[in-house]
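What the coordinates show
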Amino acid sequence: DAKTTQPPSMDCAEGRAANLPCNHSTISGNEYVYWYRQIHSQGPQYIIHGLKNNETNEMASLIITEDRKSSTLILPHATLRDTAVYYCIVKGSNSGYALNFGKGTSLLVTP
Amino acid sequence: GAVVSQHPSRVICKSGTSVKIECRSLDFQATTMFWYRQFPKQSLMLMATSNEGSKATYEQGVEKDKFLINHASLTLSTLTVTSAHPEDSSFYICSASPGDGSYEQYFGPGTRLTVT
């Protein structure tokens, strides 16, 4: 599975959009981009995933560049409860189900 | 969404004893379950992959005789930490996959193990 690079930490003001970047320059054609988050002392929570098209659900939007070498997770109106570590994970469809968690981005939403 | 539970949520045990942690998929059948471990301020590390009715596959460096995994049904996997030591103190998290082609994993809330 391709490796990912994320900034270690970010801040965002409550009510503003949080844009979390992820680089995955070695991604291959059959690999998906997954985003999970982990609130302190809880299990990870699935947010969204995509292959090449932009995706949106009730939690977030995922923007994937045309060359698929990077992506951005957008939380449109961040709340204090969005404070968490966000993990960008690239996983191929043929490499089994395990998720390889990197260090993630620690997002702090401030009042 | 699918729900995965873990029991207990928190356990304290004495060094040398064994501890069993249960992971259940409550509203779906999980052909595959995963066990992760997370030390303070670190990321989740996969310990093993457990398939119903077969032996677990352990990641490199994880002792299979120390961390016993049983996946006897499609809704239950257990992790037993045998002869626990203080360095086994960690946050243990399981996840389950329906195996229906969605490739999504649903995570349990985690179990905080403290070995004294």
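Please refer to the structure higher up on the page.
The paragraphs below set out a description of the structure included in this document.

Thresholds, definitions, all that
Residues numbered from 1 in each chain as written. Chains lettered and ligands numbered in written order. Predicted model: local features only at pLDDT ≥ 70, side-chain atom pairs only at ≥ 80, totals over all residues. Heavy atoms only, no water. Helix = DSSP H or I, 4+ residues; strand = E, 2+ residues; numbered from the N terminus. Rg over C-alpha atoms; globule rule 2.2 N^0.38 Å. Contact = heavy atoms within 4.5 Å. Buried area = accessible area lost by both parts, 1.4 Å probe. Salt bridge = Lys/Arg side-chain N within 4 Å of Asp/Glu carboxyl O. Polar contact = N/O pair within 3.5 Å; in protein donor to acceptor, adjacent residues only side chain to side chain. Nonpolar A, V, L, I, M, F, W, Y, C, P; charged D, E, K, R; others polar. Core = buried A, V, L, I, M, F, W, Y, C linked by side-chain atoms within 4.5 Å. Buried < 20%, exposed > 50% of the residue type's maximum accessible area, 1.4 Å probe, protein only. Phe/Tyr/Trp six-rings, centres within 6.5 Å; stacked < 30°, edge-to-face > 60°. Disulfide = S-S within 2.5 Å.

Looking only at helices and strands, chain B has zero helices and eleven strands in total. Counting from the amino terminus, helix and strand elements in chain B follow one another as β-β-β-β-β-β-β-β-β-β-β. Against the globule reference of 13 Å for 116 residues, chain B gives a C-alpha radius of gyration of 13 Å, in line with a compact fold. Once the C-alpha set of chain B is aligned to its principal axes, its extents read approximately 40 × 25 × 20 Å.

This part covers the interface of chain B and chain A. Taken together, the contact pairs 19 residues of chain B with 17 residues of chain A. Of the roughly 1,500 Å² buried between chain B and chain A on both sides combined, carbon and sulfur atoms contribute 57%. Linking chain B with chain A are zero salt bridges. Joining chain B to chain A, the criterion identifies six residue pairs in polar contact (both at pLDDT 80 or more). At four residues, the largest contribution of residues to the side of chain B that touches chain A is made by strand 4 (residues 32–38) of chain B. In terms of residue class, the side of chain B that touches chain A is made up of nine nonpolar, eight polar and two charged.

Our next topic: the nonpolar core. One finds Val-4, Trp-35, Met-47, Phe-67, Leu-79, Tyr-92 and Leu-113 of chain B to be the most contacted residues of the largest nonpolar core, which totals 25 residues. Listing elements by their share of this core, those giving two or more residues are strand 2 (10–13), strand 3 (19–25), strand 4, strand 5 (45–51), strand 7 (67–73), strand 8 (76–81), strand 9 (90–97) and strand 11 (111–115) of chain B. Membership of the second largest hydrophobic core comes to 21 residues, among which are Leu-62, Leu-75, Ala-78 and Leu-107 of chain A.

Time to look at the packing of aromatic side chains. All told, the structure shown has ten aromatic pairs over all chains when counted by the stated rule. Consider the rings of Tyr-36 of chain A and Tyr-46 of chain A, whose centres lie 5.7 Å apart with planes at 75°: the pair is edge-to-face. Highlighted residues: Tyr-36 of chain A in strand 3 (residues 31–38) and Tyr-46 of chain A in strand 4 (residues 45–50), separated in sequence by ten residues. Aromatic rings pair up to connect Tyr-36, Tyr-46, Tyr-87 and Phe-101 of chain A together with Tyr-36 and Phe-107 of chain B into one cluster.

The next subject is the state of the cysteines. Summed over all chains, the structure comprises two disulfides over all chains. In this model, Cys-22 of chain A is linked to Cys-88 of chain A through a disulfide, with the two sulfur atoms separated by 2.1 Å. When the S-S torsion is -80°, as for the bridge of Cys-22 of chain A with Cys-88 of chain A, the disulfide is left-handed. Taken together, the positions of Cys-22 of chain A in strand 2 (residues 18–23) and Cys-88 of chain A in strand 8 (residues 84–92) put the pair 66 residues apart, joining distant regions of the chain. Here the two residues Cys-22 of chain A and Cys-88 of chain A agree in accessibility, since each one is buried. The disulfide bridge from Cys-23 of chain B ends at Cys-94 of chain B, spanning 2.0 Å between sulfur atoms. Because the torsion about its S-S bond is 80°, the bridge between Cys-23 of chain B and Cys-94 of chain B counts as right-handed. With Cys-23 of chain B in strand 3 and Cys-94 of chain B in strand 9, this pair connects stretches of sequence that are 71 residues apart. By relative accessible area, which is 0% here, Cys-23 of chain B ends up buried. Judged by relative accessible area, which is 0%, Cys-94 of chain B ranks as buried. In this model Cys-13 of chain B remains outside any disulfide bridge; the closest cysteine sulfur is found in Cys-94 of chain B, 18 Å from its own.

On the secondary structure map, His-49 of chain A appears in strand 4. Each C-alpha atom of the pair His-49 of chain A and Ser-61 of chain A lies 9.3 Å from the other, and the pair is twelve residues apart in sequence. Leave out the neighbours within four places in its chain, and His-49 of chain A touches Tyr-32, Val-33, Tyr-34, Glu-55 and Leu-62 of chain A together with Glu-104 of chain B. There is a polar contact of 2.6 Å between the side chain of His-49 of chain A and the side chain of Tyr-46 of chain A.

All quantities given are derived from atomic positions and should not be read as evidence of function.
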